[in-house]
Structures are given as structure tokens and as C-alpha cells.
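Listed here are the chains, written in short residue letters.
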Amino acid sequence: MVVLQVLRFPPTFQRHAWTQLKRSNILRMAGVEMVDHDGLGETFFIRAARIAAVVALYWFVSITMVFLNNHLLDNRDLDAPLFVTFYQCVVTVALCWLMQLLSAVCPQLIDFPSVKFDVKTSREVLPLSVVFISMITFNNLCLKHVGVAFYTVGRSLSTVFNVLLSYVILKQTTSVRAILCCGIILGGFWLGVDQEGMAGSLSWSGVFFGVVASACVSLNAIFTKKVMPAVDGNIWKLSYYNNINACILFLPLILVFGEVGRVASFNRLTDLSFWGMMTLGGMFGFAIGYVTGLQIKYTSPLTHNVSGTAKACAQTVIAVVYNSSSKSLLWWTSNMLVLGGSSAYTWVKSREMKKTAPRPQDFAKEKLLFGEKGNTGV
């Protein structure tokens, strides 16, 4: 017979051990890593500083890109939004080639997939590319006609279209609370349109472009999920093929809409500063994909959505201050309704996803439509 002897420690030792255990668990839950005597590990403050830096970088890139695109598209001497968007896609393809080269030369510093153009893969990505060029084109047209201040409201219906498409295409129902959040967004949208009309600055074409762009953002998320297997699930490969297809598809559109003549007669066509601004816009368009992934990596999809909502609020305030505009209380209320409804929808969906344990295929569908905005050029 084997006799097991239970070791009994003094009560003071037990209380001390239990206190240490609770303390370590609390610190671990708060994200604090215990630092050893050699200085290894990571403190909560270092991690918080890194997250703050990533969020600040996302805000800077996203807000700067919106104002830069607005500046390029608001050029009265060059009314060629398709050409501007086409050139940004060309810059993105060139940057993909550059990143592949740098990754081959310095693999320790840069990690970028090696992509060789394949016609079959390009053809499989083509349906997404059609939606993609529609999305970025209507985004830019909305930004051109409504300006930065109203852009958040004008492009606010992506969440509503997510709910509609999840029901029509994926046959998924939505909870009452989530639908109420969409109702708040719709209310803010209509109030914003009404206030813009009363102020005399409403552009119905800009509103139309914003609604179509919102629908394209939702469709882009669905088609992205479908074509991901064709590029081995790599977002950079997808971006490479998507922008190559977009460059080809934009050429006939530029011809059909008569932008070739406008570009040829542009008086700053040989101005290096103009091409520098155009190239910079393309670089920021490429960078937004990277910083978005970086923010999600170091925070979470939920935090990314909250950060995007806060960024949109700051972007609106900056635009109003920069343009020295005077807005009514109801105009600001419309923005708060849109941002508040979007934040509430994000919170409701995150709670619902935590409470349920979906099957893998259901989780993929839910993840697809929850908070995915894609590279919208904002």
C-alpha cells in the first residue's frame, strides 16, 4: 500500500502564496508581463506605448490620406477622378514590386510574399476587382462632391448594407438590437442630409455616390472572402492582383468618360510637384492596408472598429476647423448619431459573438460581415 502524505504549510505561508497567485493573475489579465531579474519580458507600459503608437500611426495615415485625396480630386483644372484613382492603383502595384525586391534583399527586415503574375489567378480575382474599382471610384467621387466634413455621414451606410447583404446573400438574420443600431445610423444619415440641404451645401450626386460606395464596401467584403483561396489567403497577394486588374479595367473607363482629353490639356502635366502629390496619395493608399492590419494585430478587430469611429469623429472636427465652417447643433447631432450607432452596432455584434459558439463556417460568415471595411480609400 502506498501512503500519500499531504504537506501542510503554515497559515501565513498559505495566505502569502494565495496573495501572490491572485496578484499575478490580475496582472496577467491586465496585460502586464512579469519582468525577470535579467530585464526580459514586457511591461504593461511598454505594451501600452506600442499600442498607442500603432493607433496614432493609423489615425495619421488615414486622416492624411482623406485630406490628400480631397485636395487632388478638388482640383478645378483637372476634372479626372478616374485618372487620379487609376494612378494610385499604378503606384500600389509599383510599391508591391518594390517591397518584393526589398524583401529578397533584406529578408530580416521586410517580410513580403514573392508574387509572380499568373493569368489564371488574375482571372479568379477579376470579379472582386470589378467591385473594388467601383468601391474606390465611388468613394473618391463622394469625397470630391461632399468634402471631408460631410464625408463621414455620406459614407455611413456600410453597416446597414452589411445587415441587408447578410440576410440576402448569406441568409443570416440580425438581432433586434443590431437593427436598432442601424436605425440610429439611418436617422443620423437623413438628419445630416437635411442639415446639409438647409445650409445650402448639399450635393445630391455626392450623397448618391456615398450610398453606392457604402454598398460596394459591403460587396467587397463578400467577394474578398470568396477569392481569398485563390491567393493562398495572403492579403498582399490579393492587393497585388486586385490593383493590376484595376489598372487594366480603368483604361477603357478613362477613354469612355473622356478623361484622356482633360489630362492632355492639363496645364500642370509637367509639374513635378503635381506628380509628387499624386504619388504621395498612392503611397498613403498602399500604407493604409498595412497600418490597418498592424492596428488589428496589436489590438483586436473590435478595438480597430472603435478606433476607426473615433478617427472619423476627429477627421470631421479637423475638416470643420480647417475650413472655418459654422455648423448647426443638428448637423453635429447627425454626426454623433452616425458614429454612436456604428459604435453601438460594433459592441452589440461583439457581445453576440461572445455569447454564441458558432460552427466554423458560420463564424467565417459572421467575421466577414462584422466590421470589415476593406481598403476604402479613407
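Predicted model only: the values in this text are computed from it and were never measured.

Each value, and the rule that gives it
- Residues numbered from 1 in each chain as written.
- Predicted model: local features only at pLDDT ≥ 70, side-chain atom pairs only at ≥ 80, totals over all residues.
- Heavy atoms only, no water.
- Helix = DSSP H or I, 4+ residues; strand = E, 2+ residues; numbered from the N terminus.
- Buried < 20%, exposed > 50% of the residue type's maximum accessible area, 1.4 Å probe, protein only.
- Contact = heavy atoms within 4.5 Å.
- Areas by Shrake-Rupley, 256 points an atom, 1.4 Å probe, with all protein chains shown as cover.
- Axes fitted to C-alpha atoms, helices over the stretch in contact; angles between N-to-C directions.
- Parallel < 35°, antiparallel > 145°, perpendicular 65-115°, else oblique.
- Left-handed = near helix turned anticlockwise from the far one by under 90°.
- Nonpolar A, V, L, I, M, F, W, Y, C, P; charged D, E, K, R; others polar.
- Patch = residues over 30% accessible without salt bridge, like charges linked within 9 Å, V, L, I, M, F, W, Y side chains within 5 Å.
- Salt bridge = Lys/Arg side-chain N within 4 Å of Asp/Glu carboxyl O.
- Lys, Arg positive; Asp, Glu negative; His and termini not counted.
- Charge placed at Lys NZ, Arg CZ, Asp CG, Glu CD.
- Polar contact = N/O pair within 3.5 Å; in protein donor to acceptor, adjacent residues only side chain to side chain.
- pLDDT = per-residue confidence, 0-100.

1. Describing the overall build of the chain
Part 1 of the argument: If you tally the helices and strands in the chain, you get 14 helices and 0 strands.
Part 2 of the argument: Taking all 378 residues of the chain together, the buried fraction comes to 44%.
Part 3 of the argument: The contacts in the chain between residues at least 6 apart in sequence include a share of 82% that link residues at least 24 apart.
Part 4 of the argument: Carbon together with sulfur atoms contributes 67% to the accessible area of the chain, which is approximately 20,900 Å² in total.

2. Considerations on the packing of helix 6 (residues 158-168) against helix 7 (residues 176-199)
Part 1 of the argument: Interaxial distance between helix 6 and helix 7 falls to 9 Å at its minimum, and their mutual angle equals 140°. Relative to helix 7, helix 6 is oriented oblique. Helix 6 and helix 7 meet at a crossing whose hand is left-handed. Taken together, the residues of helix 7 that come into contact with helix 6 (itself represented by Thr 159, Val 160 and Val 163) are Cys 182, Ile 185 and Leu 186.
Part 2 of the argument: Residue composition of the contact of helix 6 with helix 7, grouped by class: 5 nonpolar, 1 polar and no charged.

3. Let's talk about the packing of helix 3 (residues 81-105) against helix 11 (residues 272-298)
Describing two packed helices takes the angle between their axes plus the distance from one axis to the other.
Part 1 of the argument: Closest axis-to-axis distance for the helix 3/helix 11 pair is 8 Å, and the angle between their directions is 65°. In the crossing of helix 3 with helix 11, the sense of the turn from one axis to the other is right-handed. For the pair helix 3 and helix 11, the contacting residues are Phe 83, Val 84, Tyr 87, Gln 88, Val 91, Thr 92, Leu 95, Cys 96 and Met 99 in the first and Trp 275, Met 278, Thr 279, Gly 281, Gly 282, Met 283 and Phe 286 in the second.
Part 2 of the argument: Across the contact of helix 3 with helix 11, the residue classes break down as 11 nonpolar, 5 polar and no charged.

4. Focus: a positive patch on the surface
Part 1 of the argument: Together, Arg 177, Arg 351, Lys 354 and Lys 355 give the surface a local cluster of positive charge.
Part 2 of the argument: No other element matches the 3 residues that helix 13 (residues 329-355) contributes to the positive patch.
Part 3 of the argument: Structurally, Arg 351 is set in helix 13.
Part 4 of the argument: Owing to a relative accessible area of 38%, Arg 351 belongs among the partly exposed residues under this scheme.

5. Details of the pattern of salt bridges
Part 1 of the argument: Per the counting criterion, the structure on display carries 5 salt bridges.
Part 2 of the argument: Between Asp 79 and Lys 144 there is a salt bridge, with the nearest N and O atoms lying 3.5 Å from each other. Of this pair, Asp 79 sits in the loop between helix 2 (44-73) and helix 3 while Lys 144 sits in helix 4 (residues 119-146), and the two are 65 residues apart along the sequence.
Part 3 of the argument: The class of Asp 79 is partly exposed, set by a relative accessible area of 37%.
Part 4 of the argument: A salt bridge links Asp 271 to Arg 268, with the shortest nitrogen-to-oxygen separation between them at 3.1 Å.

6. Looking at the side chain of Ser 129
Part 1 of the argument: Mapping Ser 129 onto the fold places it in helix 4.
Part 2 of the argument: Once you skip the residues sitting within four places of it in the chain, Ser 129 turns out to touch Tyr 241, Asn 242, Asn 245 and Leu 249.

7. A word on a nonpolar patch on the surface
Part 1 of the argument: A cluster of nonpolar side chains, contributed by Leu 98, Leu 101, Leu 102 and Val 105, occupies part of the molecular surface with about 340 Å² of accessible area.
Part 2 of the argument: Within the element layout of this structure, Leu 101 appears in helix 3.

8. Description of the environment of Thr 137
Part 1 of the argument: For Thr 137, the location among the structural elements is in helix 4.
Part 2 of the argument: Sequence-distant contacts of Thr 137, defined by excluding residues within four places in its chain, comprise Leu 82 and Phe 250.
Part 3 of the argument: In terms of polar contacts, Thr 137 uses its side chain to reach the backbone carbonyl oxygen of Ile 133, at 2.6 Å.

9. Side note on unusual backbone geometry
Part 1 of the argument: Positive phi outside glycine occurs at Asp 232, with the angle close to 60°.
Part 2 of the argument: Checked against the element boundaries, Asp 232 lands in the loop between helix 8 (204-227) and helix 9 (235-256).
Part 3 of the argument: The phi dihedral of Ser 324 falls on the positive side, at around 55°, and the residue is not glycine.
Part 4 of the argument: Take Ser 324: it is sitting in the loop between helix 12 (301-322) and helix 13.
Part 5 of the argument: Residue classification places Ser 324 among the exposed positions, given a relative accessible area of 65%.

10. Brief notes about the confidence of the model for the chain
Part 1 of the argument: A residue-level look at the chain finds 82% of positions with pLDDT of 70 or above and a mean pLDDT of 80.
Part 2 of the argument: No element of the chain has a lower mean pLDDT than helix 1 (residues 11-29), at 44, and none a higher one than helix 9, at 92.
Part 3 of the argument: This model gives residues 1-40 a pLDDT under 50, and the stretch forms 14 contacts once residues within four places in sequence are excluded.
Part 4 of the argument: Within the model, the stretch residues 360-378 combines pLDDT values under 50 with 47 contacts to residues more than four positions away or in other chains.

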